[in-house]
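A closer look at the structure
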Amino acid sequence: MARATKTTLKGITLRGNVYQARLTIPKDARDSLGLTEFTQSLETSDFKVAATRGEICIRGWKRKISSARGIHSPISEAMLWKEDLDKANQTHLPQDEYDYPIEQDLLIDRIYDIEAKEGYEKAKAFSDTAQGVTLPSNSFVETYMATRNVNSRSAQQEETRITYGTHKFPVFPINKQQVNQWAASLLQQYKHGTAKSIINNNAQYYQYLLDMGHLDPDLTNPFKDVRLSNGGGRKNGSDSKRIPWTANQVTHLIEACTEKGDADLLNITLLAAHTGARVEELATLLVSSIHLNATIPYFGITKSKTKAGLRDVPIHPYIQPLLKKMVSQSTNEYLFSNLTVTGHMERSSAISKRFGRLKTRLGYGQNQVFHSFRHTAMTMFEQADVPENI
C-alpha cells in the first residue's frame with residue numbers, strides 16, 4: 001500500500017487553496033510586538049513549497065519574539081542569521097546570478113530595520129557578523145575546548161587564557177600589529193612564560209577557527225610567531241629559581257610535620273626527601289606499584305608530568321618499614337588513600353597546599369617548595385658521584 005503524503009505541519013495551515021503560516025505570540029512578548037500572532041500567506045498550494053517557506057517565516061518570527069523578550073543579544077541574533085543563511089546557501093540551487101535564497105531578502109530587511117532604529121554602525125556590525133565578514137571571537141571557544149585532549153585542570157587554564165584574548169579582541173579577524181601590541185602589554189602583567197602561554201593558546205584557537213572555516217582560511221594567523229622580548233615579563237621581588245632543601249632543613253620539616261600530627265603530610269615529605277619524586281607522582285602512587293619483596297625493593301611511577309617520568313624508583317632502607325605499614329593500612333588502590341580529591345581529579349592539590357602553609361610558617365621563602373625535594377635528591381646524587389642516567 002502506498003504511503004500517504006503528509007499535508008499538515010505545525011504552524012502551517014491550508015486556507016482555501018493557499019497555505020499560510022501562523023505563530024501565536026507568547027503573552028510576555030505581545031506588548032513589545034503589538035500583536036497576538038503572526039500570519040503570512042505562503043502564496044502556494046504545493047505543500048512542499050509551503051513547508052520550506054513556512055519554516056523560514058516561523059524562524060524569523062521566533063527571532064523577533066526572542067528579541068522582544070530580550071533573550072538574544074545583537075551578536076547572538078546575527079549568529080543565528082548566519083547559521084540560517086549558511087544552511088540556505090548550501091541547499092539553494094540558483095537559476096541565474098541574480099537568484100539567491102529568500103533568507104537573503106529577510107536579512108536585508110532586518111539590517112535596514114536595525115539601521116533605522118540604531119544607526120549605520122550598529123547595522124553594519126550586525127551585517128558583517130550575519131554574512132560572515134567578522135566573527136564574535138568567543139563564538140566557538142566551547143566547541144574548540146571539546147576537541148582538546150587534556151586533563152581538566154589544563155583545559156581550564158587554556159580556556160581562561162583564550163578568554164583573555166577574546167576579551168581583548170571581541171571580534172575577529174585581527175592583524176599582527178594588534179597582537180604584537182597586546183603581547184607587549186602582557187609582559188607588563190605576567191611573567192614571560194605565562195605571557196607566551198597566553199599567546200600560544202590563542203594561536204591554537206585562532207588556527208582552529210581558520211581550519212574549520214569559521215574564518216576565511218586564506219587569512220594568516222596573527223598570533224603565530226609573535227616575538228616576546230626575553231628581557232620582558234613581570235619580575236618577582238627576588239630570584240624565582242628554586243633551590244634544594246639542605247639536610248638540616250629536611251630534618252626541620254619532618255619534625256614540624258610530626259609535631260603537627262599530620263600523618264599524610266609527614267609520610268609524603270619523608271618519601272619525597274628519600275626519592276625526589278614529584279608530589280603528584282606520590283599522591284597517585286598505587287599499592288600495586290610497590291614491590292618490597294624484590295631483590296632491590298622499588299616502586300613504579302605510573303603517572304607523571306612527562307613520559308621520561310614513568311620510571312622505577314629504588315626504595316631507601318629507611319622508608320621500607322613506612323611503606324610496608326602504609327600498604328597494609330590502605331583502604332583503596334592508592335598508597336595515600338585518604339587524600340582530598342579536587343574537582344579536577346587531582347589528588348595532590350590539598351596536601352601540596354598544606355605543605356606550602358607549613359613551610360611558610362617555618363620561615364622558608366618562595367624559592368623553596370615541595371618540588372625542591374627533587375633538587376635535593378639531584379644534589380645528593382651529584383655529591384655521591386652517582387651519574388644522572390643511573
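See above for the structure.
So, how was this worked out
- Residues numbered from 1 in each chain as written.
- Predicted model: local features only at pLDDT ≥ 70, side-chain atom pairs only at ≥ 80, totals over all residues.
- Heavy atoms only, no water.
- Pairing = 2+ DSSP bridges.
- Helix = DSSP H or I, 4+ residues; strand = E, 2+ residues; numbered from the N terminus.
- Axes fitted to C-alpha atoms, helices over the stretch in contact; angles between N-to-C directions.
- Salt bridge = Lys/Arg side-chain N within 4 Å of Asp/Glu carboxyl O.
- Buried < 20%, exposed > 50% of the residue type's maximum accessible area, 1.4 Å probe, protein only.
- Expected span 1.5 Å × (residues − 1).
- Arc of directions from axis to C-beta.
- Contact = heavy atoms within 4.5 Å.
- Polar contact = N/O pair within 3.5 Å; in protein donor to acceptor, adjacent residues only side chain to side chain.

1. Quick word on the sheet that holds strand β2 (residues 18-24)
On the basis of which strands lie adjacent, the open sheet formed by three strands has the order β1-β2-β3 and antiparallel pairing. Looking at strand neighbours, the two that pair on one side only are β1 (12-15) and β3 (37-41), the edges of this open sheet. If you compare each strand with its neighbour and ignore which way they point, the axes differ by 30 degrees on average.

2. Remarks on the pattern of salt bridges
A complete count under the given rule lists nine salt bridges for this structure. Note that D262 is salt-bridged to R354, the shortest N-O span being 2.9 Å. With D262 in the loop between α10 (247-260) and α11 (263-275) and R354 in helix α14 (residues 349-361), this pair connects stretches of sequence that are 92 residues apart. With its nearest N and O atoms 2.8 Å apart, the salt bridge here joins R278 to E281. Both residues of the pair, R278 and E281, belong to the buried class. Beyond isolated ion pairs, a larger network of salt bridges with shared partners links R110, D113 and K117.

3. Considerations on helix α7 (residues 152-168)
For α7, spanning 17 residues, the distance from its first C-alpha to its last is 24 Å, which sits close to the expected 24 Å at 1.5 Å a residue. When we look at burial in α7, the residues that qualify are A155, E158, I162, G165 and T166. Buried residues of α7 fall within an arc of 95 degrees about the axis and therefore sit on the same side. On its buried face, α7 is in contact with α6 (141-145), α8 (176-189) and α9 (192-211).

4. What about the environment of Q178?
Tracing the backbone shows Q178 in helix α8. Each C-alpha atom of the pair Q178 and A50 lies 49 Å from the other, and the pair is 128 residues apart in sequence. At a separation of 2.8 Å, a polar atom in the side chain of Q178 contacts the main-chain amide nitrogen of N175.

5. A closer look at unusual backbone geometry
Cis geometry is adopted by the peptide bond preceding P173, which originates at F172 and carries an omega value of 10 degrees. Its location among the elements puts P173 in the loop between β5 (171-172) and α8. At E43, a position not held by glycine, the phi torsion is positive, near 55 degrees. The residue E43 is located in the loop between β3 and α2 (47-69) in this model.

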